[in-house]
Amino acid sequence: MLSRMAGCLYWMARNMERAENTARLLDVSLQMSLLHASSQDDLLVPLDVTGSTADFLQRHHTPTPQAVLHYLALDGDNPGSIYNCMRSARENAHVVRVKITSEMWEQVNGTWLEMREWQRRGLDTRSASTFLEWVRERSHLFRGAGYGTMLRNDTFHFSRLGTFLERADNTARILNVKTKQISDNEPEAENILDYYQWAALLRSVSGFEAYRDIYRDSITPQRVAELLILRNDMPRSLRACFGEINKVLARIEGQAGRAARRRASEIQARLTYSSIEDIFADGLEQTLDSLIDDINLLGKLIHHSYLETA
Amino acid sequence: MHQITPLDHTHYDEMLAAGQEVRPSYQHFASWLNQATPDWLRNKQAEADTLFRRVGITFAVYGDESGAERLIPFDTIPRIISAAEWKTLEAGCIQRVTALNRFLHDIYHEQDILKAGIIPAEQILTNAGYQLAMQGIDLPRQVYAHIAGVDIIRHSDGGFYVLEDNLRTPSGVSYMLENRKMMMRLFPELFASHDITPVEHYPNMLLDTLRSVSPPEVDNPTVVVLTPGQYNSAYFEHAFLASQMGVELVEGQDLFVKNGHVYMRTTSGPQRVDVIYRRLDDAYLDPLAFNAGSMLGVPGLMSVYREGRVSVCNAVGTGVADDKSIYPYVPDMIRFYLGEEPILHNVPTWQLRKPDDLAYVLDHLPELVVKEVHGAGGYGMLVGPAATTEEIAAYRLRILEDPANFIAQPTLSLSTCPTFVEAGIAPRHIDLRPFVLSGKKVQLVAGGLTRVALREGSLVVNSSQGGGTKDTWILKEDITC
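Residues numbered from 1 in each chain as written. Chains lettered and ligands numbered in written order. Predicted model: local features only at pLDDT ≥ 70, side-chain atom pairs only at ≥ 80, totals over all residues. Heavy atoms only, no water.

A.B. asks: What should I look at first to understand the overall build of chain B in this one?
C.D. replies: Scanning chain B from N- to C-terminus turns up 14 helices and 23 strands. The globule rule puts the C-alpha radius of gyration for 481 residues at 23 Å, and the 23 Å found for chain B is close to it. Considering only C-alpha atoms, chain B reaches an extent of 70 × 60 × 50 Å along its principal axes. Per-residue burial for chain B yields a buried fraction of 59% across its 481 residues. Looking at chain B alone, contacts between residues at least 24 apart form 68% of all its contacts between residues at least 6 apart. A total accessible area of about 19,600 Å² is found for chain B, and carbon and sulfur atoms account for 51% of it. Mean positive and mean negative side-chain charge positions of chain B (40 and 58 charges, respectively) differ by 4 Å. (Helix = DSSP H or I, 4+ residues; strand = E, 2+ residues; numbered from the N terminus. Rg over C-alpha atoms; globule rule 2.2 N^0.38 Å. Buried < 20%, exposed > 50% of the residue type's maximum accessible area, 1.4 Å probe, protein only. Contact = heavy atoms within 4.5 Å. Areas by Shrake-Rupley, 256 points an atom, 1.4 Å probe, with all protein chains shown as cover. Lys, Arg positive; Asp, Glu negative; His and termini not counted. Charge placed at Lys NZ, Arg CZ, Asp CG, Glu CD.)

What follows is the structure, given as structure tokens:
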């Protein structure tokens, strides 16, 4: 397959997944900010996770719910906004339109047309949750249409690769930001605030019910970290994401991706054979920092091996 | 019963002869049309619009601020050509394109036609379409214009005339194919009652043609379609043809030159490319050889091409032969290279670089059509009878600035064909573009793109100027009555 085509499939899926992740984060942060309106910390979380705090503060000064919502959802000048992710997903899909199934194209195109309507109408904190739910639904539809209709060839593989690399990156980042935020809490307020913050984190990755099902116990940082890093049965955990990434990389035709395959296998081996006690002994923050670096490097190797071959 | 009034007797109508009599090739169709109710037809037309929109057969319009993609209107009433007429058209197109390819080979080699004094040398050598870089290069099978679109009209005398030859990157063939598919879907019963020559094998024929002109030492040539990208007005067609032929659709950035060959970047590493069907103008092909600012081309492509290690279709430098200032000489080319009389006639043309022609044209602007020598797509032309006094005065100034840049032709009475319009069925002007493929042999599928000027009285059929298209039926055998 042409490298450029593979790149478009990969970025189409990454952008759609990124839109969904931003919507999840935003939803939970807006709810949290209602819980204790005096603090701006919760509103800063989605900005921190998407790496756009500095840009936001430069343009808006104070993080009000309305300003953060607009910036992350609709702002055409923010390259990471949901609006721009969907635009980019649609542009990439347009290039590979003859490769993807018509159901998939119609889904991406339809999403974009509706997205423009949302942007035209604008959002306030009351309509936010309807919008954010819509984003999540469209992303589910996108993955479902692809999974249900695409031939299992490299077209499918590169699109899956984008989905899971983006998801792994998002899970690692959100866990990292929350870990830092929670460790900054005042000790005396610890228990009650911590509970809400970990619960919010779980909800943002659809992990609240999963946690209850698996642990049937109170929320502790260690278990949350275990669920989101090491559990293979949790679809947004790092280990589950890397399981998919490895499967997909092994199926891509040709030998160009050796370096990327090796790196992905190494990460997966570490996730498979680590215990949560090991991770806490090394320090959760340090482990997450190094995982984020690894994901970043893997992204570069994928680019180098497949998407920009010379 | 549909009331169809022919325009007047100064135009040839494809369906109705003088006195409302239906021409033989339309007999079956006319009786079918008579039993179809207007409402049913209207529904069918709406169905076609929906289907085209869903498939996304659109084109981008230059100069449209919104950058919107528009649908080319499709008309459900076919243009029918009899077997006998097609025989003439086919022979005429093959003859013409054969001569044009001989001419291109000649002017990039011995230039016999210039030595014989048939075309003034400065007309060729100073022509913007003439590429010095092609001088002395030998191309596989000596073919330059592998894909040619010949624009043909029918005059009020019933005869066919060639309006222009498109030898660079003619487009429209995807509409020919999609229109046929649509008609078979909407009106299967018509295909049962007519013996219509198929066109669906065009992509196959095109691929064979492209493979037949690959560099000679290559066994199993890799063919690609090179597009300027998704913002080009004909991007749909580029993607369509690539997928129909089962080859990659590449952009300039996908290709690179290394060790004297052209490669494409793929996920399993570089892959050699042997034939490039390019839908990109000469000027953008290679920033090292032509327009240095072009981001669309492939640096170093020309050097590989000149070495004969990659084929470019159509060849570089074909623009010199479809230039409107060279067009008047095509009948002479046919006589010179083939020793035959032209089967298809040219439209009489005034060349404004000639003082006598210039004087005549300036005196008769309101009745003539004036075109830029290098223009295409119906942009920048003057249709005298349809223009206002101010438009004519403004155009006169443009002509006087550089008369050699213009040609003029009489306002042709393009034939009409019944067409579905808001008020019912009415005659509208049409032309025809068959696509001629030259490789191992010169051939064409029996059909072409019929373009129709949808506005009443309009003679401009270009899609960018509000034209639509029709399916074109070539009957296998003529109906005798």
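Once you've had a look at it, read on.
A.B. asks: I tried to follow the nonpolar core on my own but got confused; where do I start?
C.D. replies: Burial of nonpolar side chains together is a common tendency in soluble globular proteins. By size, the foremost hydrophobic cluster in this structure holds 173 residues, and its most contacted members are I229(A), F103(B), Y202(B) and M333(B). Setting aside its immediate chain neighbours within four residues, M333(B) contacts A99(B), L100(B), F103(B), I113(B), I119(B), I326(B) and L338(B). Core analysis: the next-biggest nonpolar cluster, separate from the first, contains 30 residues, F29(B), F52(B), I425(B) and I430(B) among them. (Core = buried A, V, L, I, M, F, W, Y, C linked by side-chain atoms within 4.5 Å.)

A.B. asks: Whenever I open this one, the side chain of T267(B) confuses me. Can you help?
C.D. replies: Summarising the element assignment, T267(B) is placed in the loop between β9 (261-266) and β10 (269-273). Residues within four places of T267(B) in sequence aside, it is in contact with M1(A), L2(A), S3(A), A6(A), D154(A), F158(A), A256(A), S305(A) and Y306(A).

A.B. asks: Would you take a moment to explain helix α9 (residues 235-245) of chain B for this structure?
C.D. replies: Within an α-helix, residues lying three or four positions from one another point in the same direction, as the helix has 3.6 residues per turn. All names here are of chain B. When you tally the buried positions in α9, you get 9 out of 11 residues, the bulk of the element. Every buried residue of α9 is listed here: Y235, F236, E237, H238, A239, F240, L241, A242 and M245. G246 sits one or two positions beyond α9 and adopts a positive phi of about 70°.

A.B. asks: I keep staring at the pairing of strand β18 (residues 416-421) of chain B and nothing clicks. Help me out?
C.D. replies: Across a regular strand the side chains alternate sides, sitting on one face of the sheet and then on the other. Residues and elements named next belong to chain B. In terms of residue burial, β18 counts as a mostly covered element, since 6 of its 6 residues are buried. What you see with β18 is no split at all: T416, P418 and F420 on one side and C417, T419 and V421 on the other are buried throughout. Judged from the 6 bridges that link them, β18 and strand β19 (residues 424-433) form a sheet pairing that is antiparallel. Looking at the pairing, P418 lines up with P427 of β19. Hairpin connection of β18 to β19: 2 residues between the antiparallel strands. (Pairing = 2+ DSSP bridges.)

A.B. asks: It is not clear to me how the interface of chain B and chain A should be interpreted in this structure. Could you clarify?
C.D. replies: Where interface size is quoted, it is often the accessible area lost as the parts come together. With 22 residues of chain B in contact, the opposing surface of chain A contributes 22 residues. Summed over both partners, the interface of chain B with chain A comes to about 1,800 Å²; 48% of that surface belongs to carbon and sulfur atoms. When the area that chain B buries against chain A is broken down by residue, the three leading residues are Q230(B), R265(B) and T267(B), summing to 36%. Viewed at the interface, chain A and chain B are joined by 3 salt bridges. Across the pair K99(A) and E248(B) runs a salt bridge whose closest N-O atoms are separated by 3.7 Å. Taken together, the elements giving at least two residues each to the side of chain B that touches chain A come down to α2 (38-55), α9, β7 (248-250) and β9 of chain B. Counted by class, the side of chain B that touches chain A contains 9 nonpolar, 7 polar and 6 charged residues. (Buried area = accessible area lost by both parts, 1.4 Å probe. Salt bridge = Lys/Arg side-chain N within 4 Å of Asp/Glu carboxyl O. Nonpolar A, V, L, I, M, F, W, Y, C, P; charged D, E, K, R; others polar.)

By themselves, these figures tell us nothing about what the structure is for.
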